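Spelled out from the first residue to the last, the chains are:
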Amino acid sequence: MKIAAIISREYKQIVKKKSFIIATILTPALMAAFIFVPMLLTKVGREEKVINVTDYSGVIHKEFIERSEKSKYLKEKLKLTFRYVEDNSSDQRALLKEYEAEEKKTDGFEFKLAPKFKKMILEKKIDGMLIIPASIVEKRQIYYCAQNISDFETNKYINTVVHRVLSSKILRDNIDDPEIVGIVQNATADIKPNLFVVKEEGTTKSSSTTAYMMSIFMLTILFSVLMGYGQLIMRGVIEEKNNRIVEVLISSTNTQSLFYGKIIGIGLAGLTQVGIWMLMGWILMGKFSLGIDRSVLNFLTPQLGIYFVLFFIIGYFMYAILFSIVGASVNTDQEAQQYAAPITYLLIIPFMIGIMVTQNPNTPLVIATSLFPLFTPTLMFMRISVAPPAFSQILLSIILSMGFTVFLAWLGAKIFRVGILMYGKKPSMKEIIKWIRYR
Amino acid sequence: MDNFMLKLNNLVKDFDGKKAVDNFSLNLEKGKILGLLGPNGAGKTTTIRMIMNIIAPDSGEIEILGEKFNEKLKDKIGYLPEERGLYRKMKVSETLRFFGKLKGMNNADIFERSESLLKKFDLYDYKDKKIEELSKGMAQKLQIITTILHSPDLLILDEPFSGLDPVNIELVKDLILEMNRNGITIIFSTHLMEYAEKIVDSVVMINGGKKVLDGALKDIKGDYGKKFIKVNYEGDPSFVESLKYVLNVKDYGKEMEIELEDIGKRDILIKDLVSKISINSFVVTEPSLNNIFIRKVKEEGR
């Protein structure tokens, strides 16, 4: 089988490339970094922080000190220490009054922090200064001054503590019956939302952002693999055309073997790469699970993996054929880039529609575009990953896109035959028709 | 079945209204070497591409071994295109294996043939090198090896000598002769007629897409008879052209070829020459293909 020789050559030529080996190893590493680093940063990568608390109301600070001594969560996870600073003698109280008086006029833009506190923060003796005014009960305001105020977890923690202490104080001050206090506290307590995604395999914890991020992420992989391998084929065809190897190839075997052998060979290389990625991902996530968010694990089901491979194969053939037609019809790389641009747009459009998919996965526009063969591999995959449509729709999209691919392959082989042996000038319509008849 | 390897019948190929090949016919017997000669742009490569089924003729027929071009024939033909190229990133040994497989050979045959051909062409030490590491001449030799690897019955070489140094030209010439001795029919095109002369059985000359001459080399040369004189000289020979018994002069600077209207005039020529220039050698010879071609083209033009 001569086609086997072509498949094997194309496959080896890609797999032996340094760039292939590097991309195969590096991509999962980047993928892991993409998923893990933000998580690690928020959880593991925290610095120890010391926050001074001064409390002119005298009601809040005790809770902070107590928690600093007892709470493991505070010490080990958040790595926060609160220290109470008795500050009746300092001028901060006066400055605070001044600030509160001027606040409305100046929009509260500049806070009046006592110089000694400012100095402590700038010299990094402490990380922050929490000031609780005497007016806390009436005005419900606290002041937190630090160099870094974007530490979301710290801010949230301070808020929660103050809120709890304050509400129980207000309740106790105004209501004598502890039972009622309990009821009201219950009634106003925070609600923790638990979000679950409904799938055939089960209903599992997830978050909407995970699903969105992951599907965009997988779409990006699909896009870059389809683009990357498409371009590889295109450049390979131009190379063979320019150095006339194609004349020897055509005179040794038929065009179909050359055309399909090339696409299959490079496709197998792509499948190898994707396969290695999936295997590495599976080992990393399944075996060690590495403290990844459970919602990510729940998102990456085996079923989704199968769909990924299926749509990769269909999409690959479709775009590989388009790219190889371009490669066969042009003479230089520059010319090729120009003609390949519309194909790139075809791959980018699904990203735009993708946003719609996450919000309203069942609008007629989304359904129609995901059934359009050229968009199916990316858009239908995205729909499946975000909110699986009816199986009949999935099946229809697969049938349509496969049928389209077969048609494209038939047409592609014909155009390829004419294009690849035309040097210099573009083949005329007459020439093309002559060739299709001649065979 | 008759004894013909290749028959071309009234081939016509038109490029944008310009006739690249015009009513070209050819019969080639098995076991012969045919030189397809002509200047650049004469239609040699277009003819070869049509034989190889790379481009379709506008009209006319091509038969190889009595058959129209088909897949089975491909394994019996070795083809060296005019412009050379191999996969730059592939190793020499991988290249040979790939092209061997494409010609339907099995691994053992490929190995055996590659080893002996690489040794013969002095490329054995390079077999694990990538093509991009080879010199241009070495890559050329390798490409010739890929062409003959499968021991074809018909070998079609488009300008096989171009880009080779004299040593390798000799090597390729010897190889063509050796292949031919083993019964392989060979067509090669060249515009370098002095190389062709030494190896071909028969010659087809083509100019402007039209055949101007076709025949066995000895017949062609015989037709012109021994009317040619080769003179190695010192001095200014411009007067020779105006001698009335001289038909043609080709002056190379130190040597000239003179065509006489009759070989009997050679004694007068010697006298005329020695009176004006000094002569190192004076040889009566057959016409070179070059001379014949130039004469033919002139005749056609008339």
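Residues numbered from 1 in each chain as written. Chains lettered and ligands numbered in written order. Predicted model: local features only at pLDDT ≥ 70, side-chain atom pairs only at ≥ 80, totals over all residues.

All right, on to the overall build of chain A then. Looking only at helices and strands, one finds 19 helices and 6 strands in chain A. The buried share among the 439 residues of chain A stands at 31%. In chain A, the proportion of contacts linking residues at least 24 apart, taken out of those at least 6 apart, comes to 72%. (Helix = DSSP H or I, 4+ residues; strand = E, 2+ residues; numbered from the N terminus. Buried ≥ 20, exposed ≤ 12 C-beta atoms within 10 Å, placed from the backbone. Contact = placed C-beta atoms within 7 Å.)

On to the packing of helix α14 (residues 302–329) of chain A against helix α15 (residues 333–359) of chain A, then. Residue and element names in this part refer to chain A. For the pair α14 and α15, interaxial distance at closest approach is 9 Å and the crossing angle is 155°. Between α14 and α15, the angle is such that the two are roughly antiparallel. The handedness of the crossing between α14 and α15 comes out as right-handed. Two secondary-structure elements touch here, α14 through Tyr319, Leu322, Phe323, Val326 and Gly327 and α15 through Ala336, Tyr339, Ala340 and Ile343. (Axes fitted to C-alpha atoms, helices over the stretch in contact; angles between N-to-C directions. Parallel < 35°, antiparallel > 145°, perpendicular 65-115°, else oblique. Left-handed = near helix turned anticlockwise from the far one by under 90°.)

All right, on to the confidence of the model for chain B then. Residues and elements named next belong to chain B. In the predicted model, chain B carries a mean pLDDT of 86, and the fraction of residues at 70 or more is 98%. When the elements of chain B are averaged for pLDDT, helix α10 (residues 289–301) gives the smallest value, 74, and helix α3 (residues 92–102) the largest, 93. At the level of chain-chain contacts, confidence expressed as ipTM amounts to 0.78, with global pTM at 0.71. (pLDDT = per-residue confidence, 0-100.)

This part takes up the interface of chain B and chain A. Every contact between the two is made by 20 residues of chain B and, on the other side, 18 residues of chain A. For the side of chain B that touches chain A, the elements supplying multiple residues, two or more each, are α2 (71–74), β5 (77–80) and α3 of chain B. Of the residues assigned to the side of chain B that touches chain A, the class counts are 11 nonpolar, 3 polar and 6 charged. (Nonpolar A, V, L, I, M, F, W, Y, C, P; charged D, E, K, R; others polar.)

We now examine the sheet that holds strand β1 (residues 49–55) of chain A. Residue and element names in this part refer to chain A. Judged by pairing direction, the sheet is mixed, and its 4 strands sit side by side in the order β2-β1-β3-β4 without closing on themselves. For this open sheet the edge positions go to β2 (80–84) and β4 (143–146), each flanked by a neighbour on one side alone. Strand-to-strand twist of the sheet, defined as the mean angle between neighbouring strand axes without regard to direction, takes the value 20°. (Pairing = 2+ DSSP bridges.)

In terms of nonpolar packing, the biggest core is built from 126 residues, with Ile233(A), Ala320(A), Phe323(A), Leu37(B) and Ile156(B) touching the most fellow members. The element that contributes the greatest number of residues to this core is α14(A), accounting for 15 residues. In this view, Leu37(B) contacts Thr190(B), Met193(B), Ala196(B), Val203(B), Val204(B), Met205(B), Leu289(B) and Phe293(B); residues no more than four positions away in its chain are not counted. In terms of nonpolar packing, the next biggest core, distinct from the first, is built from 17 residues, Ile60(A), Phe117(A), Ile131(A) and Val162(A) among them. (Core = buried A, V, L, I, M, F, W, Y, C linked by C-beta atoms within 7 Å.)

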